[in-house]
Amino acid sequence: MNSDVLAELAATLEQRKSAAADSSYVASLHAKGLNKILEKVGEESVETIIAAKDAVNSGDKSDVIYETADLWFHTLVMLSHLDIGPEAILDELARRFNLSGLEEKANRNK
């Protein structure tokens, strides 16, 4: 079910990629270019980190979920801008599934 959400979101992002900049938030990000999209990914990364740190103290994880959703969303916009679908990332994660973390890291240096 959740992978359907990812596929639907990716399809929507692709549709909005070529829309008029004033028609949607996603279209406006694409119109502003990769640097603006990367700025948003960075901003959302920092907000996710802060929410995670705050959750340790408060025990409330709702902000972590909210900010992570923002981070994933903006990361998907970035991937869309670069013509990379989420399935490429899922394929890479699947490839790593049977590798230990240390083995995967060692393979990167080859």
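Analysis parameters
- Residues numbered from 1 in each chain as written.
- Predicted model: local features only at pLDDT ≥ 70, side-chain atom pairs only at ≥ 80, totals over all residues.
- Heavy atoms only, no water.
- UniProt positions renumbered as here; feature names shortened; annotations may be inferred.
- Axes fitted to C-alpha atoms, helices over the stretch in contact; angles between N-to-C directions.
- Helix = DSSP H or I, 4+ residues; strand = E, 2+ residues; numbered from the N terminus.
- Parallel < 35°, antiparallel > 145°, perpendicular 65-115°, else oblique.
- Left-handed = near helix turned anticlockwise from the far one by under 90°.
- Contact = heavy atoms within 4.5 Å.
- Nonpolar A, V, L, I, M, F, W, Y, C, P; charged D, E, K, R; others polar.

The protein has the name Phosphoribosyl-ATP pyrophosphatase in an unreviewed UniProt entry, where Marinomonas algarum is given as its organism. The protein has a UniProt comment under Sequence similarities (unreviewed entry) that states "Belongs to the PRA-PH family." Note on the protein: under the UniProt heading Subcellular location (unreviewed entry), the record states "Cytoplasm".

J.: For this particular structure, what's the right way to read the packing of helix α2 (residues 25-32) against helix α4 (residues 62-81)?
T.: Packed helix pairs are specified by the crossing angle of their axes together with the interaxial distance, meaning the distance between the axes. The interhelical angle for the contact between α2 and α4, taken along N-to-C directions, is 50°, at an axis separation of 11 Å. By the angle class used here, α2 and α4 are oblique. Note that α2 runs across α4; the crossing there is right-handed. Only Phe73, His74, Val77, Ser80 and His81 of α4 make contact with α2, whose side of the interface consists of Tyr25, Val26, Leu29 and His30. Broken down by class, the residue content of the contact of α2 with α4 amounts to five nonpolar, four polar and no charged.

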